[in-house]
Amino acid sequence: MRIRISYKKGVPIRFTSALDMHRIWERSFRRALIKVTYSKGFHPQPRIQLGIPLPLGFVSLDEKVDIWIEESLLLDGISRQLQQKLPVGLEITSIQEITISEKALSTQIQFSDYQIYLLNENFSPKVIKDRTINLLNKKEIIRQKRNGKKYDLRPLIVSMKSNTEIEGKPLISLRLLSQQNKTGRADEVMFAMGYSITDFIVERIGSYT
């Protein structure tokens with residue numbers, strides 16, 4: 001049985017890496033007494049597929065993970081048993097059964113939506129709007145990866161606009177490509193606008209095919 005879990009990743013575990021998330025799911029299933037299927041070979045690995053990895057420090061309302069289990073169980077029972085064993089900061093929002101032979105989750109996702117909250121009270125909506133327009137008007141936005149390789153961030157930005165929250169605080173809505181070898185990072189967009197890591201919090205609100 002192959003199941004797809006949608007879940008929230010909150011502030012308490014926002015600095016948990018993708019590798020650690022893989023381990024958390026494996027450990028949580030074991031504690032819930034639900035047997036995960038393992039791969040064959042000399043080094044069997046649990047069959048767990050995360051969606052597009054969420055960078056460290058980001059929170060999310062809609063992350064996804066595919067997991068193969070050995071028994072055919074009721075989805076409500078899986079969700080109930082599993083939620084009790086998950087760490088604080090992880091919350092299951094939905095669970096569904098999908099076809100065993102369906103393509104890998106990471107290959108199905110095409111883009112992701114983000115909300116970016118500005119933390120400094122001195123950031124006026126007008127300044128943010130002007131910076132947003134200036135960034136979108138650029139033909140290319142050259143950024144550098146950790147390995148030193150340069151790339152153009154501009155084609156990875158599908159859409160971007162500045163809004164205002166109910167409380168009057170500035171907010172940026174952003175849609176980026178989230179494909180294999182073609183994935184935009186929300187924090188890099190903010191850096192290109194001249195902001196520093198302490199100026200904002202990124203929340204992924206959904207990943208879509």
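Residues numbered from 1 in each chain as written. Predicted model: local features only at pLDDT ≥ 70, side-chain atom pairs only at ≥ 80, totals over all residues. Heavy atoms only, no water.

Enquirer: I would appreciate a short explanation of the overall build of the protein chain in the present structure.
Expert: Secondary structure assignment for the protein chain yields five helices and eleven strands. Projected onto the principal axes, the alpha-carbon positions of the protein chain cover approximately 55 × 40 × 25 Å. Taken over 209 residues, the protein chain has a buried fraction of 43%. Across the protein chain, contacts joining residues at least 24 apart in sequence account for 71% of those joining residues at least 6 apart. (Helix = DSSP H or I, 4+ residues; strand = E, 2+ residues; numbered from the N terminus. Buried < 20%, exposed > 50% of the residue type's maximum accessible area, 1.4 Å probe, protein only. Contact = heavy atoms within 4.5 Å.)

Enquirer: Looking at this structure, I do not really get the packing of aromatic side chains. What am I missing?
Expert: According to the stated counting rule, one finds four aromatic pairs in the structure shown. Geometrically, the ring pair formed by F58 and Y114 is edge-to-face, given 6.3 Å between the ring centres and 85° between the ring planes. Of the two residues, F58 is situated in the loop between strand 2 (48–50) and strand 3 (59–68) and Y114 in strand 5 (residues 111–118); the sequence distance between them amounts to 56 residues. Over the ring of Y195 we find R131; its NZ or CZ atom is 4.5 Å from the centre of that ring. Against the face of Y151 rests K145, its NZ or CZ located 5.7 Å from the ring centre. (Phe/Tyr/Trp six-rings, centres within 6.5 Å; stacked < 30°, edge-to-face > 60°. Lys NZ or Arg CZ within 6 Å of the ring centre and 35° of its normal.)

Enquirer: I tried to follow helix 2 (residues 75–83) on my own but got confused; where do I start?
Expert: Three- or four-residue spacings in an α-helix give side chains the same orientation, since the helix completes a turn every 3.6 residues. Of the residues making up helix 2, those classed as buried are G77, I78 and L82. The arc that holds every buried residue of helix 2, seen down its axis, measures 120°, which confines them to one face. Among the exposed residues of helix 2, those pointing more than 90 degrees away from its buried face are D76 and R80. Buried residues belonging to helix 2 abut strand 1 (2–9), helix 1 (18–31) and strand 4 (90–98). (Arc of directions from axis to C-beta.)

Enquirer: Explanation requested: the domain arrangement of the protein chain in the structure shown.
Expert: By convention, interface size is frequently given as the accessible area that disappears when the constituent parts associate. Domain boundaries assigned for the protein chain yield domain 1 (2–105) and domain 2 (109–208). When each unit is reduced to the centre of its C-alpha atoms, the spacing between domain 1 and domain 2 is 28 Å. Every contact between the two is made by 13 residues of domain 1 and, on the other side, 13 residues of domain 2. Both sides together, the interface formed by domain 1 and domain 2 hides about 1200 Å², and carbon and sulfur atoms give 58% of it. Inspection of the domain 1/domain 2 interface yields one salt bridge. Put simply, R204 and E63 hold a salt bridge, and the shortest N to O gap is 2.8 Å. Linking domain 1 with domain 2 are six residue pairs in polar contact (both at pLDDT 80 or more), by the criterion used here. Split into classes, the residues belonging to the side of domain 1 that touches domain 2 amount to eight nonpolar, two polar and three charged. (Domains from an automatic or database assignment. Buried area = accessible area lost by both parts, 1.4 Å probe. Salt bridge = Lys/Arg side-chain N within 4 Å of Asp/Glu carboxyl O. Polar contact = N/O pair within 3.5 Å; in protein donor to acceptor, adjacent residues only side chain to side chain. Nonpolar A, V, L, I, M, F, W, Y, C, P; charged D, E, K, R; others polar.)

Enquirer: Explain the nonpolar core to me, please; I cannot follow it from the model alone.
Expert: The biggest cluster of nonpolar side chains holds 25 residues, and the ones touching the most others in it are I157, L174 and V189. For this core, the secondary structure elements donating two or more residues are strand 5, helix 4 (125–136), strand 8 (157–164), strand 9 (170–179), helix 5 (186–192) and strand 11 (200–208). Ranked by residue count, the leading element in this core is strand 9, at four residues. Not counting the four nearest positions on each side in its chain, I157 is found in contact with L135, L136, I141, L174, R175, L176 and V189. Core analysis: the second largest hydrophobic core is formed by 23 residues, Y7, W25, I48 and L90 among them. (Core = buried A, V, L, I, M, F, W, Y, C linked by side-chain atoms within 4.5 Å.)

Enquirer: Explanation requested: the pairing of strand 5 in the structure shown.
Expert: Two faces belong to every sheet, and in a regular strand the side chains alternate between them. Counting buried positions along strand 5 gives six out of eight residues, so the element sits mostly inside the fold. Note: strand 5 against strand 9, seven bridges, orientation antiparallel. By the bridge assignment, D113 is partnered in strand 9 with R175. Note: strand 5 against strand 11, eight bridges, orientation antiparallel. Bridge pairing in strand 11 links Q115 to E203. (Pairing = 2+ DSSP bridges.)

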